[in-house]
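Fold and geometry: a report
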Amino acid sequence: MTQPDATSRRIKELEVMVADVVVEAPDTTTLVLFTGNDRLEYKAGHFLTVDPHQFEALERFTSFLEDLKGKREPPRAYSMSSAPHERYLAVTVKEERYVSGTTKFPPLLSPLLTKRTTRGMKLVVTGFTGPYTLPPDISSRTDRIVHVCAGSGSVPNFSMLKFALANHPTLRHTFVYSNKMWADVIFRDELERLALAHPDRLTVVHSLTREENPGVFGPAVRKGRIGLALLREMIPQPEDCYVYVCGPGISKFDVDAAREAGTEPQPRFLESVLADLKALGVPKERIKREFYG
Ligand SMILES: Cc1cc2nc3c(=O)[nH]c(=O)nc-3n(C[C@H](O)[C@H](O)[C@H](O)COP(=O)(O)OP(=O)(O)OC[C@H]3O[C@@H](n4cnc5c(N)ncnc54)[C@H](O)[C@@H]3O)c2cc1C
């Protein structure tokens, strides 16, 4: 009999109960999941998946979308916002919106998870996996991690940050976080609390694209997108750090839509940050990325 390898042993289906529902922002909710006595083997940065077929409330909608798209709706991935040393498992989900004339189909699962999931509800999740993690010997490779995130892209970085602050005492972190408005910033209080608790190990800088006067929220709140100038300021020694970038990038749907229109897909957050990091001279092997479509 062949022995399952470490990965297949780690990936399993779990029935979990929603122990708490925390509204992080108008469109973003953290689901705190109670997993019974199961030992949870996951790394900070890993994700789990949720199959939409398990929800009776979505049954008709799922079938309708499957008919329209001509294929089975796949499970959706959600990074853990909890860290492995914490007691509960948690995911943080941002609701996708349907924008008439822009979005091809209404989003299936995220509206249910953010707006219609209540304490006591049971879910089946499959976990845990993903390549977007800190290598165990990270402290011998660098003393500086730069997190560059947009929107719900902060979720795996928040987990890695909490884990590293607790377990890699020589690592210092710079957390550069892009959102539209101040009210959209998830984990805002928790990031501030961590920065106060670790003043010499964590710097948090926000970059807001749609606030007229972001300076009113504090000196660490900048205006605009995360661009080359801000990254140059945040990464004074580009050759020595590790950079973890997570947020929206060009999806295959964007590529198809651009091809149909006879144009090139426009770079999104991920592509533009990766180009800036290259221009700054951060070595390619020191840049880790996670793509949220
Ligand atoms: C590794 C990973 C980790 C992630 N972690 C998180 C997380 O921590 N938090 C979080 O909020 N999100 C996370 N995501 C995103 C998440 O998995 C979902 O993509 C998101 O919640 C949207 O799912 P949905 O079912 O609501 O929308 P979907 O139904 O998937 O629709 C999303 C968009 O895709 C378009 N679309 C869907 N199918 C088609 C098609 N056939 N043709 C053209 N367009 C189509 C829709 O029109 C819509 O604009 C992660 C994604 C990945 C890959």
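Quick look at the structure, then.

Thresholds applied
- Residues numbered from 1 in each chain as written.
- Predicted model: local features only at pLDDT ≥ 70, side-chain atom pairs only at ≥ 80, totals over all residues.
- Heavy atoms only, no water.
- Helix = DSSP H or I, 4+ residues; strand = E, 2+ residues; numbered from the N terminus.
- Buried < 20%, exposed > 50% of the residue type's maximum accessible area, 1.4 Å probe, protein only.
- Polar contact = N/O pair within 3.5 Å; in protein donor to acceptor, adjacent residues only side chain to side chain.
- Contact = heavy atoms within 4.5 Å.
- Patch = residues over 30% accessible without salt bridge, like charges linked within 9 Å, V, L, I, M, F, W, Y side chains within 5 Å.
- Areas by Shrake-Rupley, 256 points an atom, 1.4 Å probe, with all protein chains shown as cover.
- Salt bridge = Lys/Arg side-chain N within 4 Å of Asp/Glu carboxyl O.
- Phe/Tyr/Trp six-rings, centres within 6.5 Å; stacked < 30°, edge-to-face > 60°.
- Near = heavy atom within 4 Å.
- Pairing = 2+ DSSP bridges.
- Axes fitted to C-alpha atoms, helices over the stretch in contact; angles between N-to-C directions.
- Arc of directions from axis to C-beta.
- 1 Å grid on protein atoms, 1.4 Å probe; cavity = no way out; pocket = protein on both sides within 12 Å on 5 of 7 lines; lining within 4 Å.
- Points joined across faces, edges and corners; volume = space filled by probe spheres on them.
- Nonpolar A, V, L, I, M, F, W, Y, C, P; charged D, E, K, R; others polar.

Things to note about the side chain of threonine 174
Along the chain, threonine 174 turns up in strand β8 (residues 172–179). Judged by its relative accessible area of 5%, threonine 174 falls in the buried class. In this structure the side chain of threonine 174 is engaged in a polar contact, spanning 3.1 Å, whose partner is the side chain of arginine 144. Discounting residues that sit within four places of it in the chain, threonine 174 has contacts with Arg144, Ile145, Val146, His147, Thr203 and Met234.

Quick notes on a nonpolar patch on the surface
Taken together, the side chains of Met17, Phe34 and Tyr88 make up a nonpolar region of the molecular surface, amounting to roughly 240 Å² of accessible area. Turning to its location among the elements, tyrosine 88 is positioned in the loop between β4 (76–79) and β5 (89–94). We classify tyrosine 88 as partly exposed; its relative accessible area is 32%.

Describing the environment of phenylalanine 175
By the element assignment, phenylalanine 175 lies in strand β8. Classification of phenylalanine 175 as buried rests on a relative accessible area of 0%. Residues phenylalanine 175 and glycine 70 lie 105 residues apart in sequence; the distance between their C-alpha atoms is 41 Å. With sequence-adjacent residues up to four places away left out, phenylalanine 175 is seen in contact with His147, Cys149, Ser154, Asn157, Phe158, Leu161, Leu191, Leu202, Thr203, Val204 and Val205.

Looking at the packing of aromatic side chains
In the structure shown here, the tally under the stated rule is six aromatic pairs. Ring centres 6.3 Å apart and planes at 55° place the aromatic pair phenylalanine 34 and tyrosine 88 in the tilted group. Placement of phenylalanine 34 in strand β2 (residues 28–34) and of tyrosine 88 in the loop between β4 and β5 is noted, with a sequence separation of 54 residues between them.

Things to note about the site of the ligand
Looking at the ligand, there are 24 residues lining it, with Arg76, Ala77, Tyr78, Phe105 and Ser110 nearest. One of the backbone N or O atoms of threonine 92 is found 2.9 Å from a nitrogen atom in the ligand. Contact distances for the ligand include 2.9 Å between a nitrogen atom and a side-chain N or O atom of tyrosine 292. Protein coverage of the free-state accessible area of the ligand, which is 970 Å², stands at 83%. Among the secondary structure elements, those contributing two or more residues to the shell around the ligand are β4, β5, α3 (110–115) and β12 (287–292). By residue number, the principal contributor to the shell around the ligand is β4, which donates four residues.

Comments concerning the sheet that holds β2
Across the sheet, which stays open at both edges, the six strands sit in the order β4-β3-β6-β1-β2-β5 with antiparallel pairing between neighbours. Of all the strands in the sheet, the pair left with one neighbour each is β4 and β5. With direction set aside, neighbouring strand axes in the sheet form an average angle of 45°.

Remarks on helix α6 (residues 188–197)
Of all the positions in α6, only Leu191, Leu194 and Ala195 are classed as buried. Seen along its axis, α6 keeps its buried residues to an arc of 100°; they face one direction. Across α6 from its buried face, at more than 90 degrees, point the exposed residues Asp189, Glu192 and Leu196. In the core, the buried residues of α6 are packed alongside α5 (154–167), β8 and β9 (202–208).

Quick word on the sheet that holds strand β10 (residues 221–223)
In space, the six strands of this open sheet follow the order β10-β9-β8-β7-β11-β12, with parallel pairing throughout. Among the strands making up the open sheet, the edge pair consists of β10 and β12. Averaged over all pairs of adjacent strands, the angle between their axes in this sheet comes to 15°, without regard to strand direction. Where α5 meets the sheet, it contacts β7 (144–150), β8, β9, β11 (242–248) and β12, and its direction lies at approximately 160° from that of β8. Of the strands in this sheet, β7, β11 and β12 are in contact with helix α9 (residues 269–280), which crosses β11 at around 155°.

Overview of empty space enclosed by the protein
Per the counting criterion, the structure on display carries one cavity of 30 Å³ or more. What the largest cavity holds in volume is close to 30 Å³. If you trace the largest cavity, you find it lined by Leu31, Leu33, Leu48, Val50, Val91, Leu113, Leu123 and Val125. Per-class residue counts for the lining of the largest cavity are eight nonpolar, no polar and no charged.

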